Amino acid sequence: MYTTGTALLEALQEAGIDCLFANFGSDHTAIIEAVAAARESGQPIPRVFTVPHEAVAMSAAHGYAQLSGRAQAVLVHVECGTQSLAGAVHNAAKGRVPVLLLAGTSPATQEGELRGSRNEFIQWIQDVADQRGIVRGYVRYDHEIRFGANAKQIVHRALRIAESDPRGPVYLVASREVLESETSPVVIQREHWRPVAPAALADSAVGAIAEALLAARRPLVVTSFLGRKPAATHALVELCRELAVGVLESVPNYVNYPTTDPMYQGCQWNERQQNEALAEADFIVVIDSDVPWIPTVSRPSPDARIVHIDPDPLKLQMPLWYIPAEASYQADACTALSQVLTAVRQGSQAEASARIEERRVHYERRHAELAARIADDERDRSAVLTSEFLTAAVRDAIGEDAVVLSEAVTNFHVVTRHMRRTRPGTLFTSGGGSLGWCGGAAIGAKLARPDALVVAMCGDGTYLFTQPSTVHWMARRYATPFLQVIFNNGGWSAPREGARGMHPSGAVSRTDQLDTDFSPAPDYGGIAAAAGGAHAERISRPDEVGPAIERALAAVLGERRSAVIDARVAAS
Ligand SMILES: Cc1ncc(C[n+]2csc(CCOP(=O)(O)OP(=O)(O)O)c2C)c(N)n1
Ligand SMILES: [Mg+2]
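Description of the structure in this document. Here the structure is a predicted model, which means the values were calculated and not measured.

## Side note on the overall build of the protein
Part 1: The number of helices and strands found in the protein is 21 helices and 18 strands.
Part 2: The C-alpha atoms of the protein give 25 Å as radius of gyration, which agrees with the globular expectation for 572 residues (25 Å, within 12%).
Part 3: With the C-alpha coordinates of the protein rotated into their principal frame, the extents come out at 80 × 60 × 50 Å.
Part 4: Carbon and sulfur atoms form 53% of the exposed surface of the protein, whose accessible area is close to 23100 Å².
Part 5: Between the mean site of the 54 positive side-chain charges and the mean site of the 65 negative ones, the protein shows a separation of 2 Å.

Set out below in structure tokens:
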């Protein structure tokens, strides 16, 4: 029987979706039947993953999309399964990551009028007035599939919106009666449903930016997520090397620029100090960034000229957002950078050549100073294990191609600085603020890039947010082993230090009883071992780091099982 459920599954397959991360309920009878029927008849369908927690399903789709650029599907149970996606929806929304979310609704009939009508008590309890309202503030599109006749068109429309800039999650629901209803197959022409083409800059903007880059004494690019498209990183490298433009990463979610390139001027997270490169810049191109600086801490010179290029320069999902840019452009970073580079090459650089060489020397010197500081910070301090030393040791052991997922909270800047990534697509953060992404994302990353060594680095508090029992159970079941490194600083440092920073001579400064510590500490690695047979290490001294990483990598790469290193680090 060809039902709306069959049509839905067919739409996912023809859209090129590889994974359906599913947490099933009684609303999904038609989909479970359609999957079984497809397998019986040998019809190709996406791979179905059993995911015991919805937030992990969402994070897996998030990680998969970050590595592949493509949306995957997540199927959850009515309104409560939607609630259980929790902050993982926020992460995909804030990180502009495309995900197709699907949910059933409670049956809409109760007398057996239609197949799928209510037959369990819970269907009264789970009936709510506005199920789509649960995620409406976070998705780019929400809709209800009301008929089988156009179910496929609605799925393709949703995916098109998810994958067009500014990208993000989309949410579709359908009642059990609709999913169970018989319908006729619809032929879809895939090329009619492609994402909207990337936007370019107007010629006048290209000329103005090219001219300003040549004329400036200290031109600087500030970016956070330009590297989501590796081609944009390549374009930025060409432009910055040719014109000697500095690059500052602010709260980077991706590898935006090779961090060992002489034009790279470092990254800034929550460090409580004015950034030097930002202060001395006289022309700044903010490109693909949500938080280019934090004005109460670090800001550009009031005389600096600023232009802004972004897929969503108005930041419509952020009630408070502005920067003092003289011009804002809605454009794709890669397209815009290539346009500017072409314009620069078509014009004459002769007049600017002395200026370009002077700033090249300047930025190279600054970069060398930064590299020396980084090397100094990560040296062995023998008595204590620092996060810098640990990160450097992991970096040296995993190589340049490993995929690192960072959710290190008060160590975010340490991971970005000391991982020293050189290639796009080798370091990610969620792009959102809801902790717990890195476990599911590691599964998704490993599925998207099965040959890669995947390494998740997170805080001890964050590890508990990831639903480690679900994550490590999945890692074994689906053969997606990864290395997880925990910066164990005894609990939640961020809120503790935040309170002390705000009240330096308040009561918080006179006590350790701030309800943010985790003593007695859980056996973090033991949780993963019990759930998925992971290899577990616990270390607290610098001399233990190397051998522990070696054993952990032997487990991941040799035995193909996950490994968790619980590293007791000095408080940051
Ligand atoms: C889902 C979610 N709940 C709560 C918070 C608030 N929060 C921000 S940082 C933090 C502490 C995280 O602890 P840990 O991972 O150990 O990092 P640390 O601060 O110790 O570096 C918390 C609870 C959050 N960001 N997300
Ligand atoms: Mg912690």
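## Considerations on the coordination of the magnesium ion (ligand 2)
Part 1: Looking at the magnesium ion (ligand 2), the protein donor atoms are D460 (OD), N489 (OD1) and G491 (O), and they sit 2.0 Å from it.
Part 2: Mapped onto the sequence, the donors of the magnesium ion (ligand 2) take the spacing D-x28-N-x1-G. One end of the pair, D460, is in helix α17 (residues 460-465); the other, G491, is in the loop between β16 (483-488) and α19 (493-502), with 31 residues separating them in the sequence. Grouping residues by exposure puts D460 and G491 together as buried.

## Quick word on a nonpolar patch on the surface
Part 1: A cluster of nonpolar side chains, namely F121, W124 and I125, defines an oily patch on the protein surface of about 390 Å² accessible area.
Part 2: In this fold, W124 is placed in helix α6 (residues 122-125).

## So, the sheet that holds strand β2 (residues 47-50)
Part 1: Spatially, the 6 strands line up as an open sheet ordered β2-β1-β3-β4-β6-β5, and their pairing is parallel. Among the strands making up the open sheet, the edge pair consists of β2 and β5 (141-144). Taken over all neighbouring pairs, the strand axes of this sheet differ in orientation by 20° on average, direction set aside.

## Re the pairing of strand β13 (residues 403-407)
Part 1: Counting buried residues in β13 gives 5 out of 5 residues, a clear majority hidden from the surface.
Part 2: Taking every second residue as pointing to the same face, both faces of β13 are buried, with V403, L405 and E407 on one and V404 and S406 on the other.
Part 3: Judged from the 2 bridges that link them, β13 and strand β14 (residues 427-428) form a sheet pairing that is parallel. Its bridge partner being in β14, V404 is matched across the sheet by L427.
Part 4: The handedness of the β13 to β14 crossover, carried by helix α15 (residues 412-419), is right-handed.

## Section: the site of ligand 1
Part 1: In the vicinity of ligand 1 lie 17 residues, with T410, D460, G461, T462 and A494 positioned nearest.
Part 2: At 2.9 Å, a backbone N or O of G433 approaches a nitrogen atom of ligand 1.
Part 3: Within the backbone of G491, an N or O atom sits 2.8 Å from an oxygen atom of ligand 1.
Part 4: In the complex, 76% of the free accessible area of ligand 1, which totals 580 Å², lies under the protein chains.

## Overview of the sheet that holds strand β11 (residues 305-310)
Part 1: If you walk across this open sheet you meet the 6 strands as β9-β8-β7-β10-β11-β12, and the pairing is parallel. In this open sheet, the two strands that pair with only one neighbour each are β9 (264-268) and β12 (327-330). Between one strand axis and the next, the sheet turns through 20° on average, direction left out of account.
Part 2: Pairing analysis gives 5 bridges linking strand β10 (residues 283-287) to β11, with the strands arranged parallel. Considered in β11, the bridge of F283 is made with R305.

## Regarding the nonpolar core
Part 1: Core analysis: the biggest nonpolar cluster contains 60 residues, and L201, I209, L213, I284, V285, I309 and V340 have the highest contact counts within it.
Part 2: Not counting chain neighbours up to four residues away, the residues in contact with I309 comprise L201, I209, V285, V286, I287, D288, Y329, A331 and A336.
Part 3: Of all hydrophobic cores here, the second largest spans 55 residues; its members include F49, F225, A475 and I486.

## Notes on helix α2 (residues 29-41)
Part 1: A rise of 1.5 Å per residue sets the reference length of α2, with its 13 residues, at 18 Å; its end C-alpha atoms lie 18 Å apart and thus fit the reference within 8%.
Part 2: Where α2 is concerned, the buried positions are A30, I31, A34, V35 and A38. With its buried residues spanning 135° around the axis, α2 presents them on a single face. Facing away from the buried surface of α2 by more than 90 degrees, the exposed residues are E33, R39 and E40.
Part 3: Next to the buried residues of α2 lie α1 (4-14), β2, β3 (73-76) and α8 (176-180).
Part 4: Phi turns positive one or two residues past the end of α2, at G42, with a value near 80°.

## A few points about the side chain of D312
Part 1: Along the polypeptide, D312 turns up in the loop between β11 and β12.
Part 2: Beyond its immediate chain neighbours, meaning those up to four positions away, D312 contacts P166 and Q330.

## Considering the pattern of salt bridges
Part 1: Summed over the entire model, instances satisfying the criterion amount to 39 salt bridges.
Part 2: Linking R132 and D142 is a salt bridge whose minimum nitrogen-to-oxygen distance equals 2.7 Å. Here R132 is found in the loop between α6 and β5, whereas its partner D142 is found in strand β5, with 10 residues between them in sequence.
Part 3: As a salt-bridge pair, R417 and D377 come within 2.9 Å of each other at their nearest N and O atoms. Note that R417 is positioned in helix α15 and D377 in helix α13 (residues 353-377), a separation of 40 residues in sequence.
Part 4: A relative accessible area of 27% means that D377 is categorised as partly exposed.
Part 5: If you follow the salt bridges from partner to partner, you end up with E276, E280, R365, R366 and E369 in one network.

Scoring rules and cut-offs
Residues numbered from 1 in each chain as written. Chains lettered and ligands numbered in written order. Predicted model: local features only at pLDDT ≥ 70, side-chain atom pairs only at ≥ 80, totals over all residues. Heavy atoms only, no water. Helix = DSSP H or I, 4+ residues; strand = E, 2+ residues; numbered from the N terminus. Rg over C-alpha atoms; globule rule 2.2 N^0.38 Å. Areas by Shrake-Rupley, 256 points an atom, 1.4 Å probe, with all protein chains shown as cover. Lys, Arg positive; Asp, Glu negative; His and termini not counted. Charge placed at Lys NZ, Arg CZ, Asp CG, Glu CD. Donors = N, O, S within 2.8 Å, 3.2 Å for Na, K, Ca; no water. Buried < 20%, exposed > 50% of the residue type's maximum accessible area, 1.4 Å probe, protein only. Patch = residues over 30% accessible without salt bridge, like charges linked within 9 Å, V, L, I, M, F, W, Y side chains within 5 Å. Salt bridge = Lys/Arg side-chain N within 4 Å of Asp/Glu carboxyl O. Pairing = 2+ DSSP bridges. Axes fitted to C-alpha atoms, helices over the stretch in contact; angles between N-to-C directions. Right-handed = clockwise from strand over helix to strand, strands pointing away. Near = heavy atom within 4 Å. Polar contact = N/O pair within 3.5 Å; in protein donor to acceptor, adjacent residues only side chain to side chain. Core = buried A, V, L, I, M, F, W, Y, C linked by side-chain atoms within 4.5 Å. Contact = heavy atoms within 4.5 Å. Expected span 1.5 Å × (residues − 1). Arc of directions from axis to C-beta.

Function cannot be inferred from these measures alone, as they are strictly geometric.
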